[in-house]
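In case you want the letters, here they are:
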Amino acid sequence: MTEPGGLATPRAAPETRRAARAMREEAERRARASTHPVGEDAVRRASLDADRLTAEVPMPSPTDTVPLFTVDTAPVLTVGPMPMADTGPPASLAPPGAPAAPALPQTVAPAVPITPTSADDAPSPVLGDLVTEVVTPARHVRPRRMTRRIALVAGLATGAALLLGSSAAVTAIMAPPTEQADTAAALSVAPPVVEQLPVPDVEQSPPAADLCTLSTFASALQAGDDEGAVIAAGGGEAFRAAVVDGRAPCVDLSDSSRIWTVLDKHRPANPLEYRPNSLVLPDGVRNIEGGALRADAAGALSALVTAARDAGVGEIALESGFRSYQTQQVTYGRHFAERGERADLVSARPGYSEHQLGLSADVVACAGSCTSLDGLAASPQGQWVAAHAWEHGWIVRYVEGATPVTGYTPEPWHLRYVGPELAKAYHDGGWTSLEEFFGLEAAPAYLG
C-alpha cells in the first residue's frame, strides 16, 4: 500500500523500454485519477526513481545497430493532472501555503492508459500512484547515456586505428627494400626469346676400364668363346673402341683362331700354314666344291641361306669355303699365270688368304642352276646378301671403293664371318673394311 504523500514500495526494474513506458503511462493514468496533493520533495523523489528505473533498462547488445548521434529525451516525472499549456500546474493542486510549482517547459500529449498484459508489464505505483510523463530532456540522465555512446564510438575508433596501424606495420615489414623490389621487378621481366639454344660440344670419354681386367671377358676369352667375349665387353662397338684405344691389350688381331682376326697383305696367318681345328659342311646349303667352314661360321651360313629362301629371294649356294695353304698355292699360281703381278688384285698369296681361316665363304645365286661369282651382284640374292648378311654375323669383306685399303678389287660374293655383335657394329658404323674398323693402317700391297 502507498501512504498519501509518500512513495510507493519499490518494484523490480522493468526489463525493456516498452515495460518502462508502460509503467509511466500507468502511473500517469493513476495520477489523473488521484486527488492527493504531493509536496516538492515527493516530486523530486519520484523524478529520481523514474531516472533509476529508466537507467536500469538493458542497453542494446553490441551487435545491435546503435545510432551515434541521436537527440534523446528522458521522461521527467511530475505530480498532478497533465497541463495543457506552459502555465504550470493548477492552483487547486498546490497545498495551502506551499510555494507555487515551477512552470513546465513544454506541452505534452495526453497519455493513453495502458493495460498490462503480464506481470512484467505491471507498473509500480510512484508518489501515491500519481505519476505524469512529460517529454522533457532529462539533463541528469543524458550525460550518462551519451557517455556510454561516446565510449562505444571511441572504442570502435581505437580498434579501427589499431587495425589500420597493424596492417600498415605488416605491409611495411613484408614490403621488400627498394633494391630488392628493383631486383624482383627486373627478374619478372620475361627473358628474350632465343630461337635455338646453343648445344655444347661434348666429347664422350671412353671408359677407362681395361677389358682384360673384366672377369667375364677374360673367362670367355680363355674359353675360346669369341662371341661371348664381345658381349662381355659391352657389345661390338664397345669392343671395337677398346681395341682402337688400346684398352684391350689381351686382344690380338693377328690371332688366326679368333673371329676378329685381320688377315691382309700386311698381316699373314699365324702360323703361315694355319689350319682350323674343326671344319664342317654347312647344313642345308648347296655345296658346289665341297667346301667346309669352321663350325660357328658354318651354322651362320646355314641361317643366312635359310633366311634368304624364306624371304623369297631364291637359293644361295656355297662356291668355296676353307682352302688350305697348299690349295691356295695352286689357286694363286693359276691367277698369276694368267695376269702376272695383277693377280694380287684378285687372289691372295698362300698364307694371306682369309679362306685359310675357315671364316670366309664365296657364294653364288642359284635358280635351278647356279651362276658364276661375277653374276651374284646383279641377282636378287646378291642384293639381299648386301643388305642382310650382317644380321647373321657376316660382312662383305671387299666392297666398291675400298681397294686402296684392302688391296683387292670388289668381290660382292666374298663373305667374312665376324659374329653377330661385331657385324652389327660394322654395319651400324658404315664401315667398309676391317682395317678401318679396328684402326689399322691400309694394306694395298705386300710389304716384301
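Scroll up for the structure.
All values reported here derive from a predicted model rather than from experimental measurement.

Caption draft 1: Local environment of the overall build of the chain. A tally of regular secondary structure across the chain gives 13 helices and nine strands. For the chain, with 448 residues in total, the buried portion stands at 39%. Within the chain, contacts between residues at least 6 apart in sequence are counted, and of these 73% link residues at least 24 apart. Surface exposure of the chain reaches about 24,800 Å², of which carbon and sulfur atoms provide 59%.

Caption draft 2: Inspection of the side chain of D264 at higher detail. Assignment of secondary structure puts D264 in the loop between α7 (236-244) and β3 (279-280). Side-chain polar atoms of D264 contact the backbone nitrogen of H266, separated by 3.0 Å. Looking at D264, its side chain comes within polar contact range of the side chain of R267, at 2.5 Å. Once you skip the residues sitting within four places of it in the chain, D264 turns out to touch Y352, R397, E435 and A443.

Caption draft 3: Structural context of the layout of surface pockets. Taken as a whole, the second largest pocket holds about 530 Å³ of empty space. Elements supplying a minimum of two residues to the lining of the second largest pocket: β5 (315-320), α9 (325-339) and β9 (411-417). Here the residues of the lining of the second largest pocket sort into seven nonpolar, eight polar and nine charged.

Caption draft 4: Layout of helix α10 (residues 380-388). Taken as a whole, α10 has its buried residues at Q381, G382, W384 and V385. Each buried residue of α10 lies within a common arc of 165° when the element is viewed along its axis, so the set occupies one face. Of the exposed residues in α10, the ones pointing more than 90 degrees away from its buried face are Q383 and A386. In the core, the buried residues of α10 are packed alongside α8 (295-310), β5, β6 (360-367) and β9.

Caption draft 5: Region of interest: the pairing of strand β8 (residues 394-398). Most of β8 is tucked away: five of the five residues are buried. Relative to β9, β8 runs antiparallel, the two sharing four bridges. Across the sheet, residue W394 finds its bridge partner in β9, namely Y417.

Caption draft 6: Region of interest: α8. Helix length check: α8 (16 residues) gives 23 Å between terminal C-alpha atoms against 22 Å at 1.5 Å per residue, within 8%. Among the residues making up α8, those that are buried are A297, A298, A300, L301, S302, L304, V305 and A308. A positive phi of about 85° marks G312, the residue just after α8.

Caption draft 7: The arrangement of the pattern of salt bridges in detail. Going through the model one piece at a time under the given rule, you end up with 14 salt bridges. Notably, a salt bridge pairs R267 with D264, separated by 2.5 Å at the nearest N-O pair. Per residue, the accessibility class of R267 equals that of D264, and both read buried. Linking E441 and R267 is a salt bridge whose minimum nitrogen-to-oxygen distance equals 2.8 Å. With E441 in the segment after α13 (434-437) and R267 in the loop between α7 and β3, this pair connects stretches of sequence that are 174 residues apart. Linked by salt bridges that have partners in common, E354, R397, R416 and E435 make up one network.

Reading guide: rules and limits
- Position labels on residues start from 1 in each chain and follow its written sequence.
- Local features in this predicted model are restricted to residues whose pLDDT is 70 or higher, and side-chain atom pairs enter the listing and the counts only when it is 80 or higher, whereas totals over whole chains, interfaces and linings include all residues.
- Heavy atoms from the whole structure form the basis of all side-chain values; hydrogens and water molecules are not counted.
- Put simply, DSSP marks the helices as runs of H or I at least four residues long and the strands as runs of E at least two long, and each gets a number from the N terminus on.
- Partly exposed describes any residue whose relative accessible area lies between the buried limit of under 20% and the exposed limit of over 50%, with all areas from a 1.4 Å probe on protein chains only and scaled to the type maximum.
- Contacts are assigned to residue pairs that have any heavy atoms within 4.5 Å of one another.
- To be clear on the numbers: accessible area is Shrake-Rupley with a 1.4 Å probe, and residue cover counts the displayed protein chains and nothing else.
- Any N or O atom pair separated by 3.5 Å or less is treated as a polar contact, with the protein-specific requirement of one donor-capable and one acceptor-capable atom, and with residues adjacent in sequence counted only for side-chain atom pairs.
- Buried and open spaces are told apart on a 1 Å grid over the protein atoms alone, a cavity being a set of points where a 1.4 Å probe fits but cannot get out and a pocket being an open set with protein on both sides within 12 Å along at least five of seven lines. Residues with an atom within 4 Å of a point are the lining residues.
- Grid points are joined across faces, edges and corners, and a volume is the space filled by probe spheres set on the points.
- In this classification, Asp, Glu, Lys and Arg are treated as charged, Ala, Val, Leu, Ile, Met, Phe, Trp, Tyr, Cys and Pro as nonpolar, and every other residue, Gly included, as polar.
- It is the directions from the helix axis to the C-beta atoms that the arc portrays.
- For two strands to be treated as a pair, DSSP must find at least two bridges joining them.
- A helix is expected to span 1.5 Å for every residue after the first.
- For this analysis, a salt bridge means a side-chain nitrogen from Lys or Arg found within 4 Å of a carboxyl oxygen belonging to Asp or Glu.

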